[in-house]
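Chain by chain, the residues:
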There are 2 protein chains.
Amino acid sequence: MKMDLQITVIGAGHGGKSMAGDLALRGYAVRLYNRHYENVEEIIARGGIEVTLEDGRLGFGRIPVVTDDIARALDSADIALVVVPASGHRDIALACAPHLKDGQIIVLNPGRTGGAFEFRNTLQESGCTADVIIAEAETFIFASRSIGPAQAHIFRRKNTVPLAALPATRTPDVLDILQEIYPQFIAAPNVLHTSLNNMGAVFHPALTLLNAGWIEATGGDFEFYVEGVTPSTAHVLERMDRERVTVAMAMDVRAQTAREWLSRAYSAHGENLYEAIHDNPGYKGIMAPRQIRHRYIFEDVPFSLVPISELGRRFGVDVWAIDAMIQLASVIADTDYRYRGRTLEKMGLVGLSLAEITRLVNTGITEPPEIAETEAVNNRP
Amino acid sequence: MKMDLQITVIGAGHGGKSMAGDLALRGYAVRLYNRHYENVEEIIARGGIEVTLEDGRLGFGRIPVVTDDIARALDSADIALVVVPASGHRDIALACAPHLKDGQIIVLNPGRTGGAFEFRNTLQESGCTADVIIAEAETFIFASRSIGPAQAHIFRRKNTVPLAALPATRTPDVLDILQEIYPQFIAAPNVLHTSLNNMGAVFHPALTLLNAGWIEATGGDFEFYVEGVTPSTAHVLERMDRERVTVAMAMDVRAQTAREWLSRAYSAHGENLYEAIHDNPGYKGIMAPRQIRHRYIFEDVPFSLVPISELGRRFGVDVWAIDAMIQLASVIADTDYRYRGRTLEKMGLVGLSLAEITRLVNTGITEPPEIAETEAVNNRP
């Protein structure tokens, strides 16, 4: 055990507090960063975070450095665990850029769709030349909640969470380090896999929008999956899911369907998605969001659905249902999520062919493929 | 009173049974047509329709001719009142085409959006040369329901219903005849007005889709307007309504906004559409549709939203919210409503400029405007 591992948790929301508290409780040297001092004042005052664990036990994780100063947060960090909504990834990258050092590892928990691409592209735009490794997790490792200014509750730890570095050649290095603190992380083939196996993209926005009246009329007082998933709403999910998996296929990625995922992760089965969702006891008791202004819309639409749609359009896949959802969410929220979301441009993928993107995610090489070089050589007099 | 007026009611659904029963009860010679014999068997057996009137009184309207033979239904008719879902307008036009005679009047109750255009275009395609007048009502004249195979219930008669003939020069002729049987009909400037003042287009599909989960989970057991119209769902209605009125404006038509309509028709007021809808006591007690497979989707999307969207695209108006709704409805119903709906082509409007459409609706003239003729003359050697 190299307990001298220096870990920085970036973000002190639901996930960040849980992760920082959990790691501190387990004896790791944790630094916690939040860009707003007010949000961590109470943690500073108490000197750490009180964590309620899965079995109900209470623990106190002492966190010596809690700061809104990113330079101090990153100084001497081996690994930075970024636990902020995807809407914050770009800002965090901009803040980190001047302070990163060779060899540091950044893990987005999770990346949603295209998080590693956007982080990498933002660092490059900022002129950051440090040789850092950027990785993204497919989903957040806990089911957890912030239950007070310096309190977090971890309900459940997921058994396995796929993770990939950008490029994939660096994934083993990241897992090597993470192995010690979170052995649940396993290697995904590359970030296209972690990005395109985004199940929240399929479930969250559609169920929120197709139950919008119900959510607002009752303040979300119904079971989101048990009651909100009906034959028609499930049918929309199924269509969106097929589009997501088809976009992946067009990019040579075999993504899991939502039904495969329900079957593997929850042993929930059914003839169709409606049946499979209702076969999952894990959904029982999960209530609907209390309002439409919820991360299921303002995070999952621009940072999950938009990048999937953008990749679909780029590689000739009809993303009709996904686009309908992006438009409807934009209307309801009075914004333009396509513009504000993770476009090809923000991911740094404009003008790249599929072969070039594949090469980038697998090897990190962004120059034109060898054939062009060979030709250039052959063309020499 | 020319009680010798020969009226044919086409369609024996909710509206058709109410209209035929009401007219028969009032002593008019009514023929009733339905394309499926089974649907009118009971009416034939009883010799008419039992009508429950607004004040609860029961009456029996004797209908001597009830038939599935369109030739017999139209023979000697002065006026044909078409009371079928807009999805049936084209089929009715195809069926009528060989049997129409000069001077007959056809009134679509209502036309939804573009009904008169589609009816006229279908007759032309069928080679019908009879000089008939086609008119469309802005909305159906009753609030009524079929309550049995030969029973109808009229809850309320609307005070005024705008109507226009295609072309508008014939509107006075139609109102002259209708005056006697339904004095509620008043002249709209032309069919663009009746078509673009389609309030159902704005209210029905969006409220059904944004409450889809609730409708299916409860079988529609909630108040559609009182509960289903929330700040967010009303916001979507408001955006769609603005698009509809902007499409009208681009075509030189000053359509009523939904708020103006609520204010005039129901004296319901508010700072925004949410408030105005909740200020309308007329909405109290109206329950949601029992299922998603409802005319609010399969009629209002292809025959109200699609033609508005088509006209918007043609005349440069952004119909983002309306298009999102068309796409989402298509996904949920597993069909392509834009393809199946009332396109410019089906309305016979492809390639017509705004000036040409305006001239068509106002005067019936479809030749190029005079300037072109003059040029042609001048170009002669």
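Look a little higher up for the structure.
Criteria and thresholds
- Residues numbered from 1 in each chain as written.
- Chains lettered and ligands numbered in written order.
- Predicted model: local features only at pLDDT ≥ 70, side-chain atom pairs only at ≥ 80, totals over all residues.
- Heavy atoms only, no water.
- Salt bridge = Lys/Arg side-chain N within 4 Å of Asp/Glu carboxyl O.
- Helix = DSSP H or I, 4+ residues; strand = E, 2+ residues; numbered from the N terminus.
- Buried < 20%, exposed > 50% of the residue type's maximum accessible area, 1.4 Å probe, protein only.
- Pairing = 2+ DSSP bridges.
- Axes fitted to C-alpha atoms, helices over the stretch in contact; angles between N-to-C directions.
- Contact = heavy atoms within 4.5 Å.
- Least-squares fit on C-alpha atoms with pLDDT ≥ 70 in both.
- Right-handed = clockwise from strand over helix to strand, strands pointing away.

Trainee: So what's going on with the pattern of salt bridges? Which residues, and what values?
Mentor: Pairing between side chains of opposite charge can happen when the charged atoms of each approach one another. Summed over all chains, the structure comprises 36 salt bridges over all chains. The shortest N-O distance in the salt bridge between Arg239 of chain A and Asp334 of chain B comes to 3.7 Å. Of this pair, Arg239 of chain A sits in helix H10 (residues 231–250) while Asp334 of chain B sits in the loop between helix H15 (320–333) and helix H16 (337–340), each in a different chain. A relative accessible area of 14% means that Arg239 of chain A is categorised as buried. What makes Asp334 of chain B partly exposed here is its relative accessible area of 49%. For Asp323 of chain B, the salt bridge identified is with Arg313 of chain B, shortest N-O distance 3.1 Å. Of the two residues, Asp323 of chain B is situated in helix H15 and Arg313 of chain B in helix H14 (residues 300–314); the sequence distance between them amounts to 10 residues. On the accessibility criterion, Asp323 of chain B (10% relative accessible area) is buried.

Trainee: Go over the sheet that holds strand S8 (residues 133–137) of chain B with me, naming the residues and quoting the values.
Mentor: Residues and elements named next belong to chain B. The 8 strands lie next to each other as S5-S2-S1-S6-S7-S8-S11-S12, forming an open sheet whose pairing is mixed. In this open sheet, the two strands that pair with only one neighbour each are strand S5 (65–67) and strand S12 (185–187). Adjacent strand axes in the sheet meet at a mean angle of 25°, parallel and antiparallel pairs treated alike. As paired strands, strand S6 (residues 79–82) and strand S7 (residues 105–108) are joined by 4 bridges and run parallel to one another. What sits directly across from Val82, in S7, is Leu108. Packed onto the sheet, helix H6 (residues 171–181) meets strand S1 (6–10), S6, S7, S8, strand S11 (161–166) and S12 and runs at close to 140° relative to S11.

Trainee: Can you explain the relation of the copies chain B and chain A? Please cite residues and give values.
Mentor: When chain B is brought onto chain A, the operation consists of a screw motion whose angular component is 180° and whose axial shift is 0.1 Å, with 0.1 Å RMSD remaining. With respect to symmetry, the two chain copies, as superposed, fit the operation of a two-fold axis. When the interface residues of chain B are mapped onto chain A, 100% of them again fall at the interface, so both copies present the same face.

Trainee: Can you lay out the pairing of strand S7 (residues 105–108) of chain A for me, pointing to particular residues and giving the numbers?
Mentor: All names here are of chain A. Along S7, one buried face is formed by Ile105 and Val107 and the opposite face, lined by Ile106 and Leu108, is buried too. In this view, the connection linking strand S6 (residues 79–82) to its parallel neighbour S7 by way of helix H4 (residues 89–96) has right-handed handedness. Sheet analysis places S7 next to strand S8 (residues 133–137), joined by 4 bridges and oriented parallel. Looking across to S8, one finds that Leu108 is bridged to Glu136. At this point the chain moves from S7, through helix H5 (residues 115–125), to the parallel S8, and the crossover so formed is right-handed.

Shape is all these values report; function is a separate question.
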